[in-house]
Number of protein chains: 4
Amino acid sequence: MPALNSDNPKNRPKTESWKTQLYDLIFGSDTPTAKNFDILLIVSILISVIVVMLDSVASIKADHGQLLYNLEWFFTIIFTVEYLLRLICVESKAKYAGSIFGIVDLLAIIPSYLSLFLPGSQFLLVIRILRVLRIFRVLKLVKYVSEAELLLRALRASKQKITVFLFSVLTLVVILGSLMYLIEGEENGFTSIPRSVYWAIVTLTTVGFGDIVPQTALGRTLASFVMILGYSIIAVPTGIVTTEIQSATRQMRTRRSRHCSCGNSENDGDALFCKICGKEL
Amino acid sequence: MPALNSDNPKNRPKTESWKTQLYDLIFGSDTPTAKNFDILLIVSILISVIVVMLDSVASIKADHGQLLYNLEWFFTIIFTVEYLLRLICVESKAKYAGSIFGIVDLLAIIPSYLSLFLPGSQFLLVIRILRVLRIFRVLKLVKYVSEAELLLRALRASKQKITVFLFSVLTLVVILGSLMYLIEGEENGFTSIPRSVYWAIVTLTTVGFGDIVPQTALGRTLASFVMILGYSIIAVPTGIVTTEIQSATRQMRTRRSRHCSCGNSENDGDALFCKICGKEL
Amino acid sequence: MPALNSDNPKNRPKTESWKTQLYDLIFGSDTPTAKNFDILLIVSILISVIVVMLDSVASIKADHGQLLYNLEWFFTIIFTVEYLLRLICVESKAKYAGSIFGIVDLLAIIPSYLSLFLPGSQFLLVIRILRVLRIFRVLKLVKYVSEAELLLRALRASKQKITVFLFSVLTLVVILGSLMYLIEGEENGFTSIPRSVYWAIVTLTTVGFGDIVPQTALGRTLASFVMILGYSIIAVPTGIVTTEIQSATRQMRTRRSRHCSCGNSENDGDALFCKICGKEL
Amino acid sequence: MPALNSDNPKNRPKTESWKTQLYDLIFGSDTPTAKNFDILLIVSILISVIVVMLDSVASIKADHGQLLYNLEWFFTIIFTVEYLLRLICVESKAKYAGSIFGIVDLLAIIPSYLSLFLPGSQFLLVIRILRVLRIFRVLKLVKYVSEAELLLRALRASKQKITVFLFSVLTLVVILGSLMYLIEGEENGFTSIPRSVYWAIVTLTTVGFGDIVPQTALGRTLASFVMILGYSIIAVPTGIVTTEIQSATRQMRTRRSRHCSCGNSENDGDALFCKICGKEL
């Protein structure tokens, strides 16, 4: 998650050279020039994603197909050059290429080249939108980054409870879907167990597309049960995440409260003595 | 938000005159006359909004079109006069015209005049309903206002976390929508990426209109994933807002609580003696 | 709410007589006979509600119409007799007839007689189901009653915040519905402002029937906004109620904690001195 | 719930024999052989569930019907042998056969034999998926088991509140459904009270299939009320479960926390010194 905040500063070339300057321009965001570079980059990414999306609309493609095609390649070439420059100016090529941002940067150009052989794959270019996450670094939105970290910490802390919950939900939809398949049968749209399980997910999550609906009295009764169940157990992930967000918020506030000279900075707000070394605060 | 509670009292004319009296009548709500004026105004607003809504129903318009038209102009003229009076009796015209209530008061009359040139724009008159917010002041619903303020404070405190959450959701629906476009294709209703992104929003938010639904096995599998995701991550805004409402509530109660010279500041609001040292408060 | 727990014992006839015995049988639930009477009553109510529901199913009515009709009148006569007996044996007729249970008891028989003049009104008999609430008293489900009271107290405490929230939601759907009416127009199903407001409610609450759906690009964009809004602000009532349930739970536990001989039983769990009289606990 | 964690160790044969060895292999998960046995079992279960699901898809059955049929019986025979071995090697046959896992193990093979007389019942084999719950024991996911226990404890603690809530919801949907039946009538799809109650459940839980929708102005108004109600009262189960998950979490953490002889029992779990008096713990 610190990756959201900044690229790895240890990857900056040690000897001062044109590489260092290039590194500071591309990876940095402290100088005005570097900041402008980043803003230009984000605007390019957003435009290029919009271009890809518009290219998929038949009526727009009919009118402006050539323009959109040219723009797509224009941005692809720019991002390719940028990726190569990033590779060149880092101390360890492998470290950058293997980092999350490095992978996303690469994925953001591959689909264009792929589309030469595999028509349609250029739509995968929307993955470029992930690059916009750099916006947090550019705008120095420290507060936003720390909030994002708090949310991530809460989600990570609730990982095991959420896994148990999802596991139970999956078991449930398999059994409920199969029961509906037996009750309703193929003549009412429940043509197979996988499709009935899909219906059970649509219903339990309260999405309710309505493309498949029970037709028999027994089927409606079971469906009612599924709906009330889904309506009630949504409380479980909510309860889990709320609890974790609260304790993450409390920890964050506590951490700011009482620091001790022994280095322990996790004393409670009402502590009179350091809980690690016993010294009076 | 204090604007919900009262119009700016500093804008009252300093010298006593007919303007002051008018000001007290229109802006005030302390004298019975002023209160009656406000109640009359709110009733007028509500009726005028209902008139606009009925005017849009074809069958009602066919029967009572002329009556509704006349009523619309009747209320517009009344509200125009009222707006001019408000402008006249305040100390600083600019301050009132630039305040939220001043803008809403103006917006509430413009559409009628606009409809002379741009038929249909009279339906924008429903914005008048915002004027009803004055009801909080009229009825002296102090308790309600303070609760509204607490909610607003909680929402404001969670602004950054909510922004991060919405930002992630938007990134997610763009990527998921594009994937569905590639998987399902135009023959199954996913005619373009923007439309597929719209489907992803419909599904992730558990709305589920059912106008576009996946038809392929792979599409249904991805849709299942989107639904379970939407069902689970609704826990995030809920957790954020719950945490903030709780701490806003606690702050409000603490502020009322009783401090003791022994250092204990956690006595209840109704305590007469400190619960730790027993001293009278 | 105490009404859920017991009928008003002050309404028991003061002089011992056959009325007192009848009162203890019908209103009481302490003796085995009284308990059996109550259980018999609840079973009758449930059967009678099921009879009404089955009577509305065309195929069942065709086959068993006469039987269901007879059963409806059988139960109506029983409940009428029961209502009269209740009226007779209470000390103050007005007090019983005006209590919530008295009104429900009356409403549970009126529709049958009404249906003689107004066919169809017998379906209102389902209101009888409210009488089943007595089940809490019969089964002496003290724990359940106290939990129901806790929930009611939490809801009552959040009444003002919920009102503010609902008021904002109503204002919102009026404005959003009108905008959709202007954007989509009659040709896309948004035939009037009231209907568009209905659509806005369907969408904001994430119900999503799909009977009316936006067809234009701009309409879909606004719909996306409405959906994400609805998905997010569901956090507000949730946060409000969660906070109140928590503090109601805490209060209930605290109240059990420290009683003082001065009569104050609301000292905190960690209090050393009574917060009202200052005496050491 | 400890059953999730381990089979009852008291059921291990007391005298060392081939039965004991068999017991350790089948029921144990400590030796590498026993662990491999368990993993093999879970993989078999998952494959057998997938076979059942695929068998219900018409196109797949047409092509690979015989293969799927053979696989189903292959797994059924394996699981039957396994069940008999389990029965043989336990100390008390009745204890195992009556335990939750014993019942699930039996239910997982019965449908195959039943399908010989009752075609279609083989689809009930999906109940085998419940056997996968053993995965928690196999993988020694102690942390996951304790989280599952915490969730179960929270759900059990909120049982009474949830019951009261569900009871109220059921009462509500019966009354609201009947009202809609009276308002909309058979010509608008509300063909009977049970069906209208089904609609009320679909709407109140915000599922919104859209197969039945109100057509009259009054019906839409009531539907709007039902939707806003459902949107708001989802806060109740959420509030209940959140409160219980929080207090279960707190209890679990407190149990680990450190008490001091000065009376302060609120030291953190990692504290070495009392935070109030500074004494070493």
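Residues numbered from 1 in each chain as written. Chains lettered and ligands numbered in written order. Predicted model: local features only at pLDDT ≥ 70, side-chain atom pairs only at ≥ 80, totals over all residues. Heavy atoms only, no water.

Visitor: Can you help me understand the overall build of chain A in this one?
Guide: In terms of regular secondary structure, chain A is built from 13 helices and zero strands. The long-range fraction of contacts in chain A, counting pairs at least 24 apart against all pairs at least 6 apart in sequence, stands at 55%. Put simply, chain A shows about 12600 Å² of open surface, and 67% of that area lies on carbon and sulfur atoms. (Helix = DSSP H or I, 4+ residues; strand = E, 2+ residues; numbered from the N terminus. Contact = heavy atoms within 4.5 Å. Areas by Shrake-Rupley, 256 points an atom, 1.4 Å probe, with all protein chains shown as cover.)

Visitor: Can you help me understand a positive patch on the surface in this one?
Guide: Together, Arg250 of chain A, Arg250 of chain B, Arg250 of chain C together with Arg250 of chain D make up a positively charged patch on the protein surface. Of note, Arg250 of chain C is situated in helix H13 (residues 235-255). On the basis of relative accessible area, Arg250 of chain C is assigned to the exposed category, the value being 53%. (Patch = residues over 30% accessible without salt bridge, like charges linked within 9 Å, V, L, I, M, F, W, Y side chains within 5 Å. Salt bridge = Lys/Arg side-chain N within 4 Å of Asp/Glu carboxyl O. Lys, Arg positive; Asp, Glu negative; His and termini not counted. Charge placed at Lys NZ, Arg CZ, Asp CG, Glu CD. Buried < 20%, exposed > 50% of the residue type's maximum accessible area, 1.4 Å probe, protein only.)

Visitor: Got a minute to help me understand the domain arrangement of chain A in this structure?
Guide: As far as domains go, chain A holds domain 1 (9-140) and domain 2 (152-256). Taking only C-alpha atoms into account, the centre of domain 1 of chain A sits 38 Å from that of domain 2 of chain A. (Domains from an automatic or database assignment.)

Visitor: Hey, could you run me through helix H11 (residues 193-204) of chain A in this one?
Guide: Residue pairs spaced three or four apart in an α-helix point in one direction, given the helix's 3.6 residues per turn. With 12 residues, H11 of chain A extends 16 Å between its outermost C-alpha atoms, agreeing within 8% with the 16 Å of an ideal straight helix rising 1.5 Å per residue. For H11 of chain A, a buried count of 10 out of 12 residues is recorded, marking the element as mostly surrounded by other parts of the structure. Among all positions in H11 of chain A, only Ile193, Ser196, Val197, Tyr198, Trp199, Ala200, Ile201, Val202, Thr203 and Leu204 of chain A are buried. Along its buried surface, H11 of chain A packs onto helix H10 (159-184) and helix H12 (217-233) of chain A, helix H12 (217-233) of chain B together with helix H3 (32-55) of chain D. (Expected span 1.5 Å × (residues − 1).)

Visitor: Would you mind showing me how to read the environment of Gly210 of chain A here?
Guide: Residue and element names in this part refer to chain A. Mapping Gly210 onto the fold places it in the loop between H11 and H12. Here Gly210 falls in the partly exposed class, since its relative accessible area comes to 25%. Sequence separation between Gly210 and Asn188 is 22 residues; the distance between their C-alpha atoms is 13 Å.

Visitor: Looking at this model, I keep getting lost on unusual backbone geometry. Mind explaining?
Guide: One non-glycine residue, Thr206 of chain A, adopts positive backbone phi at about 60°. As for its placement among the helices and strands, Thr206 of chain A is situated in the loop between H11 and H12.

Visitor: I keep staring at H3 of chain D and nothing clicks. Help me out?
Guide: Counted at 1.5 Å a residue, the expected span for H3 of chain D with its 24 residues is 34 Å, and the 34 Å between its end C-alpha atoms agrees. Turning to H3 of chain D, its buried residues number three or more, namely Ala34, Asp38, Leu41, Ile42, Ser44, Ile45, Ser48, Val49, Val51, Val52, Met53 and Asp55 of chain D.

Visitor: Got a minute to help me understand the pattern of salt bridges in this structure?
Guide: A complete count under the given rule lists 12 salt bridges over all chains for this structure. For Lys161 of chain A, the salt bridge is made with Glu244 of chain A, and the minimal N-O distance between the two is 3.5 Å. Taken together, the residues span a long stretch of sequence, with Lys161 of chain A in helix H10 and Glu244 of chain A in helix H13 (residues 235-255) at a distance of 83 residues. According to the relative accessible area criterion, Glu244 of chain A is buried, its value standing at 5%. Here Arg86 of chain C ties to Asp105 of chain C by a salt bridge, and the two come within 3.8 Å at their closest N and O atoms. In this pair, Arg86 of chain C sits in helix H4 (residues 58-89) while Asp105 of chain C sits in helix H6 (residues 100-107), placing the two residues 19 residues apart along the sequence. For the pair formed by Arg86 of chain C and Asp105 of chain C, the shared burial category is buried. Within this structure, Glu82, Arg86 and Asp105 of chain A form a network of salt bridges that share partners.

Visitor: Is there a simple way to think about empty space enclosed by the protein in this case?
Guide: Sizing a probe to match a water molecule and rolling it over the atoms shows the empty space that remains. What the rule picks out here adds up to two cavities of 30 Å³ or more. Lining of the largest cavity is provided by 17 residues; of these, Ile234 and Thr238 of chain A, Ile234 of chain B, Ile234 of chain C together with Ile234 of chain D occupy positions nearest its centre. Looking at side-chain class alone, the lining of the largest cavity contains six nonpolar, 11 polar and no charged residues. (1 Å grid on protein atoms, 1.4 Å probe; cavity = no way out; pocket = protein on both sides within 12 Å on 5 of 7 lines; lining within 4 Å. Points joined across faces, edges and corners; volume = space filled by probe spheres on them. Nonpolar A, V, L, I, M, F, W, Y, C, P; charged D, E, K, R; others polar.)

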